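Here's the letter readout for the chains.
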Amino acid sequence: MLFAERYSEDPRAFEVRSLSLYTNELKRYFADDVLQVRRPHLDIERFMQWLLPHHDVYVNAHCAIFGRGGAGPTISTLDYIMEGGFLELLATKSRTLGLNSGLLQEQNCHVSRFPLGYPEPRQWVAIGRDNRLAVGGLLFPLIDIAMANFERGVPVS
């Protein structure tokens, strides 16, 4: 969300290239070609200082995690303290049906080393139209589901 805000303020300030969906991995997550935007700082510490707000506001959060266990659906709960800016991200995801930002029309912004299959993933941010999974009245970007499983070490199929 924060990167999308910075990018939308002045897209000409960033190096941009197009990435065609040349692998099945990329086709799984994106509906059409992806715009790659180079991060202004490749060093993670400098990038985070550039990106994150410089004030600390914390809020209590309660999260329900839905999954699939041996016999069927499972639910786990998690309580934690998070940065206040995440409230805006959650409100944005609700308002846009799963997007990280409402500033990029139907496109989403992914600052990640994932998905696998595109060159130099740590240097580039992916902006593209997500393939999403409908569950009830909600839409979940497939890349978000895959990233959550990837971080937990669960194979992505």
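Refer to the structure above for everything that follows.
Residues numbered from 1 in each chain as written. Predicted model: local features only at pLDDT ≥ 70, side-chain atom pairs only at ≥ 80, totals over all residues. Heavy atoms only, no water.

Draft legend 1. Up close: the environment of His55. Assignment of secondary structure puts His55 in the loop between α3 (44-51) and β3 (58-68). Here the alpha-carbon distance between His55 and Glu83, two residues 28 residues apart in the chain, equals 9.6 Å. (Helix = DSSP H or I, 4+ residues; strand = E, 2+ residues; numbered from the N terminus.)

Draft legend 2. Representation of the packing of aromatic side chains within the structure. Tallied over the full model, the rule gives six aromatic pairs. An aromatic cluster is built from Phe3, Tyr7, Phe14, Phe47 and Trp50, whose rings are joined through pairwise contacts. Looking at Arg6, its charged tip hangs above the ring of Trp50, at a distance of 4.4 Å from the centre. (Phe/Tyr/Trp six-rings, centres within 6.5 Å; stacked < 30°, edge-to-face > 60°. Lys NZ or Arg CZ within 6 Å of the ring centre and 35° of its normal.)

Draft legend 3. A look at a nonpolar patch on the surface. Side chains of Leu133, Val135, Leu138, Phe140 and Ile145 sit close together on the surface and give an oily, nonpolar patch of about 410 Å² of accessible area. Among the elements of the structure, β7 (132-135) and β8 (138-141) are those that each provide at least two residues to the nonpolar patch. (Patch = residues over 30% accessible without salt bridge, like charges linked within 9 Å, V, L, I, M, F, W, Y side chains within 5 Å. Areas by Shrake-Rupley, 256 points an atom, 1.4 Å probe, with all protein chains shown as cover. Salt bridge = Lys/Arg side-chain N within 4 Å of Asp/Glu carboxyl O.)

Draft legend 4. Main features of the pairing of strand β2 (residues 34-38). By the bridge criterion, four bridges tie strand β1 (residues 16-19) to β2 in an arrangement that is antiparallel. By the bridge assignment, Val16 is partnered in β2 with Val37. Sheet topology note: the β2/strand β6 (residues 124-128) ladder contains four bridges and is antiparallel. Looking across to β6, one finds that Leu35 is bridged to Ile127. (Pairing = 2+ DSSP bridges.)

Draft legend 5. Molecular detail of the sheet that holds β6. What the four strands build is an open sheet, ordered β1-β2-β6-β5; its pairing is antiparallel. Each of the sheet's edge strands pairs with one partner strand only, and the pair in question is β1 and β5 (108-110). Averaged over neighbouring strand pairs, the angle between their axes works out to 25 degrees when direction is ignored. Contacting β1, β2, β5 and β6, helix α1 (residues 2-9) runs over the sheet at an angle of about 85 degrees to β2. (Axes fitted to C-alpha atoms, helices over the stretch in contact; angles between N-to-C directions. Contact = heavy atoms within 4.5 Å.)

Draft legend 6. Examining the environment of Arg132 more closely. Among the secondary structure elements, Arg132 is positioned in strand β7. Assessed through its relative accessible area of 31%, Arg132 is described here as partly exposed. Taking the C-alpha atoms as reference points, Arg132 and Phe30, separated by 102 residues in sequence, lie 8.7 Å from one another. Other than its neighbours up to four places away in sequence, Arg132 contacts Thr96, Leu97, Gly98, Leu99, Leu139, Phe140, Pro141 and Leu142. Polar side-chain contacts of Arg132 include one of 2.4 Å to the backbone oxygen of Leu97. (Buried < 20%, exposed > 50% of the residue type's maximum accessible area, 1.4 Å probe, protein only. Polar contact = N/O pair within 3.5 Å; in protein donor to acceptor, adjacent residues only side chain to side chain.)

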